[in-house]
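Residue strings, one per chain:
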Amino acid sequence: MIEIKNIKKSFGKLSVLTDVSLTVQPHEVVVVLGPSGSGKTTMLRCINFLERADSGKLTVGDMTIDFTKVSKREIHEIRKKVGFVFQNYNLFANKTALQNVMHGLVVVKKMPKAEARKKAEEALAWVKLEDKHDYYPSQLSGGQQQRVGIARAIALEPEVILFDEPTSALDPELIDETLEVMKNVAKRGITMLVVTHELSFAQDIADKVIFMDGGVVVEEGTPDEIFNHPKEERTKQFLARIIATKTLSKKIEG
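Calculation notes
- Residues numbered from 1 in each chain as written.
- Predicted model: local features only at pLDDT ≥ 70, side-chain atom pairs only at ≥ 80, totals over all residues.
- Heavy atoms only, no water.
- Buried < 20%, exposed > 50% of the residue type's maximum accessible area, 1.4 Å probe, protein only.
- Helix = DSSP H or I, 4+ residues; strand = E, 2+ residues; numbered from the N terminus.
- Core = buried A, V, L, I, M, F, W, Y, C linked by side-chain atoms within 4.5 Å.
- Contact = heavy atoms within 4.5 Å.
- Phe/Tyr/Trp six-rings, centres within 6.5 Å; stacked < 30°, edge-to-face > 60°.
- Lys NZ or Arg CZ within 6 Å of the ring centre and 35° of its normal.
- 1 Å grid on protein atoms, 1.4 Å probe; cavity = no way out; pocket = protein on both sides within 12 Å on 5 of 7 lines; lining within 4 Å.
- Points joined across faces, edges and corners; volume = space filled by probe spheres on them.
- Nonpolar A, V, L, I, M, F, W, Y, C, P; charged D, E, K, R; others polar.
- Salt bridge = Lys/Arg side-chain N within 4 Å of Asp/Glu carboxyl O.
- Axes fitted to C-alpha atoms, helices over the stretch in contact; angles between N-to-C directions.
- Parallel < 35°, antiparallel > 145°, perpendicular 65-115°, else oblique.
- Left-handed = near helix turned anticlockwise from the far one by under 90°.

K.L.:
Can you explain unusual backbone geometry? Please cite residues and give values.
P.N.:
Located in the positive-phi region is Asn90, a residue other than glycine, with phi close to 55°. We classify Asn90 as partly exposed; its relative accessible area is 45%. At Glu157, a residue that is not glycine, the phi angle is positive and equals roughly 50°. Mapping Glu157 onto the fold places it in the loop between helix H5 (142-155) and strand E7 (160-164).

If you want it as structure tokens, here you go:
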């Protein structure tokens, strides 16, 4: 389980998260929707300590920490439990696909290189990149790079994987292959917290959908409740705008 309670985060005078709480149960897929600037990415980055929350509590599995008192050792332990798939891949340009996946196993988990290599090879095969071990990021498409990022997260065997808009940097024709891999991750029973604008993914895969705006959770529920019976006016406005934008895009492509 992953749970955040009363997380707050400001950048100077700008309040980005104003008392956010949510829970993700084991093996659950939770999708977070919301407009740009709503605090979605900041929330994920606080969970993995890429940003330091000003206050609040975080529980991952059997470990609970207070953001105001957390130690370096606790941050290291949390990062071993939480995988992160970045919007812009965040691969090492000077390392091959295999070396990128091995890196966390060797550095974070202190795994012997031979064992790390085996796990990395298995993870790359799982995302259908078994023939790209020796390719550098510059030799891979955006979709392939993102799959390396997913393999890197899977290989660490975390208790939860955070996905920060994993398809937003991809060309439209590459989005489907990444979403397919993510669906397979979900089928493995891996706990996932996903920030995305891909409504079809949320409808197909999510156990719960959360809508954020203005640094707070506006509404949450099952995909059916959020997409077909939203209660909050702000949720209705957001969904209508997203659907209208996607419909226009399809007309232009057609």
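After presenting the structure, the write-up continues.
K.L.:
Go over the nonpolar core with me, naming the residues and quoting the values.
P.N.:
Formed by 51 residues in total, the largest nonpolar core has its most connected members in Leu33, Ile150 and Met192. Beyond its immediate stretch of four places on either side in the chain, Met192 contacts Val24, Glu28, Val29, Val30, Val160, Ile161, Phe163, Met182, Val185, Ala186 and Phe201. Counting residues in each nonpolar core, the second largest holds 32 residues, with Met43, Ile47, Ala53 and Val195 among its members.

K.L.:
Can you lay out the packing of aromatic side chains for me, pointing to particular residues and giving the numbers?
P.N.:
For the coordinates displayed, the defined rule picks out 3 aromatic pairs. Judged by centre distance (5.4 Å) and plane angle (40°), the ring pair of Phe49 and Phe67 falls under tilted. Taken together, the residues Phe49 in the loop between helix H1 (40-47) and strand E4 (55-60) and Phe67 in the loop between strand E5 (63-66) and helix H2 (72-81) connect sequence positions 18 residues apart. Judged by its relative accessible area of 7%, Phe49 is buried. Exposure remark for Phe67: the relative accessible area of 2% places this residue in the buried category. Both rings, one in Phe84 and one in Phe86, keep their centres 4.5 Å apart while their planes meet at 35°; by these two values the pair is tilted. Residue Phe86 is classed as buried on the basis of its relative accessible area, which comes to 16%. Over the ring of Phe92 we find Lys95; its NZ or CZ atom is 5.7 Å from the centre of that ring. The ring of Tyr135 has Lys132 lying over it, and the distance from NZ or CZ to the ring centre is 4.5 Å.

K.L.:
Kindly report on the layout of surface pockets, identifying the contributing residues and their values.
P.N.:
Roughly 450 Å³ of volume is contained in the second largest pocket. Along the wall of the second largest pocket there are 17 residues; nearest its centre are Phe86, Gly104, Val108, Arg152 and Leu156. At the level of elements, strand E6 (82-85), helix H3 (97-107) and H5 are the ones that each hand at least two residues to the lining of the second largest pocket. When residues in the lining of the second largest pocket are grouped by element, the largest group, 4 residues, is from H3. Among the residues forming the lining of the second largest pocket, the class breakdown is 9 nonpolar, 6 polar and 2 charged.

K.L.:
Explain the environment of Ile2 to me, and be specific about the residues and the numbers.
P.N.:
Mapping Ile2 onto the fold places it in strand E1 (residues 2-11). Accessibility expressed as a relative area gives 2% for Ile2, which makes it buried. In sequence terms Ile2 and Val160 are 158 residues apart; their C-alpha atoms lie 7.5 Å from each other. With residues near it in sequence (within four places) discarded, Ile2 still touches Leu22, Thr23, Val24, Ile47, Leu58, Thr59, Val60 and Val160.

K.L.:
Explain the pattern of salt bridges to me, and be specific about the residues and the numbers.
P.N.:
Under the criterion given, the structure shown has 10 salt bridges. In this structure, Arg117 engages Glu121 in a salt bridge whose closest nitrogen and oxygen atoms are separated by 3.1 Å. Highlighted residues: Arg117 and Glu121, both in helix H4 (residues 113-126), separated by 4 residues, approximately one helical turn. The class for Glu121 is partly exposed, based on a relative accessible area of 28%. If you follow the salt bridges from partner to partner, you end up with Asp62, Lys81 and Glu159 in one network.

K.L.:
Run through the packing of H5 against helix H6 (residues 172-187), naming residues and quoting values.
P.N.:
Two numbers describe how H5 lies on H6: the axes approach to 9 Å, and their chain directions differ by 15°. Classified by the interaxial angle, the pair formed by H5 and H6 is roughly parallel. As for the relative orientation of H5 and H6, their crossing is right-handed in sense. Contact with H5, carried on its side by Gly142, Gly143, Gln144, Gln146, Arg147, Ile150 and Ile154, involves Leu174, Glu177, Thr178, Val181, Met182 and Val185 of H6 and no other residues of that element. Tallied by class, the residues present in the contact of H5 with H6 amount to 6 nonpolar, 5 polar and 2 charged.

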